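Per-entry structural report
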Amino acid sequence: TMERRLSGIKSAYIDNNIEFIEPLHLVTTSGFSTAQSELAIGQYFSQTAPEDYPTAILAGGEFMSAGAINALKNMGMSVPADISVMSMDGFSISAIHGIELTSLQVPCSELGEEAINLLQQRILRPESSYRTQLLQGKLAVKESVKPASAYKNNTAIDHRLYD
């Protein structure tokens, strides 16, 4: 699913006529821990010119979001005033440094239910064909993200020009 998430992010860049530059737009870690994320984000910002700083960080999970927020705070930056932070998941941590975390909530209960249904179908009809099931997450907008229009260097294209 992480590959599909990244593919969707890259598609969003393309859809908005923005070039996806991997060293500039993607920070990776070997795991999902707060410490790894804090270190990776700190290194990213130490090697990135301030004019190339992102306006937002989408972390792979809540603990990674916590690490990103820690790194930003250590650099004297504020969330969301300077940089917005958003997470995938959004169930364990209600607030980081007093900031309610915006997240794309993965439908864990529904995933479990569908897995049981698929397993039951496989047991009852082992000869049936395999299928995949894709469930949609839910965006929970909280305090860690500010509107794109609030950033002074917003370069998003106004699609109303083409209506």
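Here's what I pulled together on the structure shown here. (Residues numbered from 1 in each chain as written. Predicted model: local features only at pLDDT ≥ 70, side-chain atom pairs only at ≥ 80, totals over all residues. Heavy atoms only, no water.)

Examining the nonpolar core
A general feature of soluble globular proteins is that nonpolar side chains tend to end up buried together. Basically, it comes down to this: Remark: nonpolar core denotes a set of buried residues (Ala, Val, Leu, Ile, Met, Phe, Trp, Tyr, Cys) joined through side-chain atoms within 4.5 Å. Relative accessibility thresholds used throughout: buried, under 20% of the residue-type maximum; exposed, over 50%; partly exposed, between the two (1.4 Å probe, protein chains only). Counting from the N terminus, the helices are the DSSP runs of H or I reaching at least four residues and the strands are the DSSP runs of E reaching at least two. In this description, contact between two residues means that some pair of their heavy atoms is separated by no more than 4.5 Å.
Membership of the largest hydrophobic core comes to 16 residues, with the highest contact counts inside it found for Phe-45, Ile-57, Leu-72 and Val-85. Every element with two or more residues in this core is listed here: α3 (34-46) and α4 (62-74). Looking at this core element by element, the count peaks at five residues for α4. Excluding anything up to four places from it in sequence, Val-85 contacts Ile-57, Ser-65, Ile-69, Leu-72, Val-79, Leu-101, Thr-102, Ser-144 and Val-145.

Observations concerning the packing of aromatic side chains
The condition is simple: Each Phe, Tyr or Trp ring, with Trp reduced to its six-membered ring, pairs with another whose centre is within 6.5 Å; inter-plane angles below 30 degrees give stacked pairs, above 60 give edge-to-face pairs, and intermediate values give tilted ones.
With the rule as written, the count across this model stands at three aromatic pairs. Relative to Phe-45, the ring of Tyr-44 has its centre 5.2 Å away and its plane inclined at 90°; by these criteria the two rings are edge-to-face. On the basis of relative accessible area, Tyr-44 is assigned to the buried category, the value being 10%. Here Phe-45 and Tyr-53 contribute two aromatic rings whose centre-to-centre distance is 4.7 Å and whose plane-to-plane angle is 75°, an arrangement assigned as edge-to-face. Tyr-53 gets classed as partly exposed once you look at its relative accessible area, which sits at 27%. Through a chain of ring-to-ring contacts, the aromatic side chains of Tyr-44, Phe-45 and Tyr-53 assemble into a single cluster.

Quick notes on a nonpolar patch on the surface
Spelled out, the test is: Exposure above 30% relative accessible area and no salt bridge define the residues that can form patches, which grow by joining like charges within 9 Å and nonpolar side chains of Val, Leu, Ile, Met, Phe, Trp and Tyr within 5 Å. Accessibility throughout is a Shrake-Rupley quantity obtained with a 1.4 Å probe, and a residue counts as covered only by protein chains that appear here. Any carboxyl oxygen of Asp or Glu that lies within 4 Å of a side-chain nitrogen of Lys or Arg is treated as forming a salt bridge with it.
There is a patch of nonpolar side chains on the surface, built from Ile-116, Leu-119 and Ile-123 and spanning about 300 Å² of accessible area. Relative to the elements of secondary structure, Leu-119 occurs in helix α5 (residues 108-124). Note on Leu-119: relative accessible area 48%, which makes it partly exposed.

Read these as layout, nothing more, since geometry by itself doesn't imply function.
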